[in-house]
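Examining the three-dimensional arrangement
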There are 2 protein chains.
Amino acid sequence: MHKWMKIAHDEALEGMLSDDGGPFGAVIVKSGEVIASAHNKVLQSKDPTAHAEINAIRKASAILNSFDLSECTLYTTCMPCPMCLGAIFWARIKTVYYGATEDDAAFGGFDDKAFYTMLEDKEHSLNMQQIDHKENAALFTLWNKKSNKTMY
Amino acid sequence: MHKWMKIAHDEALEGMLSDDGGPFGAVIVKSGEVIASAHNKVLQSKDPTAHAEINAIRKASAILNSFDLSECTLYTTCMPCPMCLGAIFWARIKTVYYGATEDDAAFGGFDDKAFYTMLEDKEHSLNMQQIDHKENAALFTLWNKKSNKTMY
């Protein structure tokens, strides 16, 4: 296996065997060095957002003291789910190496593929309703008027 | 404004004015009680995943000691971005009330809408490459053989 993916793979095994969560691991590399490695901790932390990629991004951001990981590469044992792909976009990561597919994850009983289908078809059982549009849209007018703000 | 949305709106204002992050707030309600409220802290925490909805979900999960928030309703000042919508799916939240739209967020310079377009068109500048498929797919075979595992 590729040496960085091997670390992600070992994370996935460790996480699964210690009952921290599903068999998912991720590694973030910058300039040829591992900045952070992490595995899924949904079960251990009771946090539904504690996927391997999210945990690795949070660790790397803390270590680099930046929300901008555009100089980093992510290695993940499985194709990122929509949540994690969104996090990768926000972190401005430019390159992702992944191992298993959404079909492999579905074989293990995970909903990654189902959530992609829900997003693509815009058909899901989530009940979404818009309220108080005017007051909340006004927040962005205030934001635009704010001086010395940092964009991200 | 709706009373729970007002709390989310106040969170957004507080977060923006204290330079914690963009003007986004979220509240999680269960059985007529606020379980958690949060705002965007990307700038304060340097964590690109620290969106209002993610922060609220993490807080509520910690308070309820569960990754399953299916009994909860989320109020958010803006249509959730793909990362946050994915987190909402994983948390099994069934109802979301949102205020502003992706277009309003784009007016404030945020990429929520751009990321939805990237997902829909499957066209983005992110370089994704598959490596080591066999070894990583095998993780799910191990997972399926694991006894006494918890699904999520």
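These lines cover the structure that appears in this document, whether it is placed above or below. Given the structure is predicted, the values throughout are model-derived calculations rather than measurements. Throughout, residues of each chain are indexed from 1 in the direction in which the sequence is written. The order in which chains are written sets their letters, starting at A; the order in which ligands are written sets their numbers, starting at 1. Confidence filtering applies because this is a predicted model: local features only for residues at pLDDT of at least 70, side-chain atom pairs given and counted only at 80 or more, and all residues used for totals across whole chains, interfaces and linings.

This part covers the nonpolar core. Here, a nonpolar core denotes buried Ala, Val, Leu, Ile, Met, Phe, Trp, Tyr and Cys residues that are linked to one another through C-beta atoms within 7 Å. Neighbour density around each residue's C-beta defines its exposure: 20 or more other C-beta atoms within 10 Å make it buried, 12 or fewer make it exposed, and counts between make it partly exposed, where C-beta atoms are placed from the backbone. Ala56 of chain A together with Ile28 and Ala56 of chain B are the most contacted members of the largest nonpolar core, which has 95 residues in total. We call two residues in contact if the C-beta atoms placed from their backbones are at most 7 Å apart. Setting aside its immediate chain neighbours within four residues, Ile28 of chain B contacts Ile35, Ala36, Ala56, Ala60, Leu69, Cys72 and Leu74 of chain B.

What follows concerns the interface of chain B and chain A. Tallying the contact residues gives 67 residues for chain B and 68 residues for chain A. Top element by residues in the side of chain B that touches chain A is helix H7 (residues 133-145) of chain B. It accounts for 9 residues. For this classification, Asp, Glu, Lys and Arg are treated as charged, while Ala, Val, Leu, Ile, Met, Phe, Trp, Tyr, Cys and Pro are nonpolar and the rest, including Gly, are polar. Looking at side-chain class alone, the side of chain B that touches chain A contains 39 nonpolar, 20 polar and 8 charged residues. Pairing of strand E4 (residues 95-100) of chain A with strand E5 (residues 127-130) of chain B involves 4 bridges; the strand directions are parallel. Counted as the bridge partner of Val96 of chain A is Met128 of chain B from E5 of chain B. A run of DSSP states H or I qualifies as a helix once it reaches four residues; a run of E qualifies as a strand once it reaches two. Both are numbered from the N-terminal end. Any two strands with at least two DSSP bridges between them are considered paired.

Here we take up the relation of the copies chain B and chain A. Rotating chain B by 180° about the axis while translating it 0.0 Å along that axis superimposes it on chain A, leaving an RMSD of 0.0 Å. Expressed as a symmetry operation, the mapping of one chain copy onto the other fits a two-fold axis. By C-alpha distance to the rotation axis, the residue of chain B lying nearest is Met83 of chain B, at 1.9 Å. Comparing interface residues between copies, 100% of those in chain B also lie at the interface in chain A; the contact surface is shared. Least-squares superposition of the copies uses the C-alpha atoms of those residues scoring a pLDDT of at least 70 in each of them.

Another point: the sheet that holds strand E2 (residues 33-39) of chain B. Strand order in this open sheet of 5 strands is E5(A)-E4(B)-E3(B)-E1(B)-E2(B), and the pairing throughout is mixed. Two strands bound the open sheet, and with one partner strand each, they are strand E5 (127-130) of chain A together with E2 of chain B. Averaged over neighbouring strand pairs, the angle between their axes works out to 20° when direction is ignored. Examined bridge by bridge, strand E3 (residues 72-78) of chain B and strand E4 (residues 95-100) of chain B share 5 bridges and lie parallel to one another. Fitted lines through C-alpha atoms serve as axes, helices being fitted only where they are in contact, and the angles separating the N-to-C directions of these axes extend from 0 to 180 degrees.

It is worth spelling out H7 of chain B at this point. Counted at 1.5 Å a residue, the expected span for H7 of chain B with its 13 residues is 18 Å, and the 19 Å between its end C-alpha atoms agrees. Those residues of H7 of chain B not exposed but buried are Asn136, Leu139, Phe140 and Trp143 of chain B. Summarising the axial view, the buried residues of H7 of chain B lie within an arc of 90°, below the 170-degree limit, and thus occupy one face. More than 90 degrees from the buried face of H7 of chain B, the exposed residues found are Lys134, Asn144 and Lys145 of chain B. In this structure, the buried side of H7 of chain B is in contact with helix H1 (3-17), strand E3 (72-78), E4 and helix H5 (102-107) of chain A. Here the expected span of a helix is defined as 1.5 Å times the quantity of residues minus one. Directions pointing from the helix axis toward each C-beta atom define the arc.

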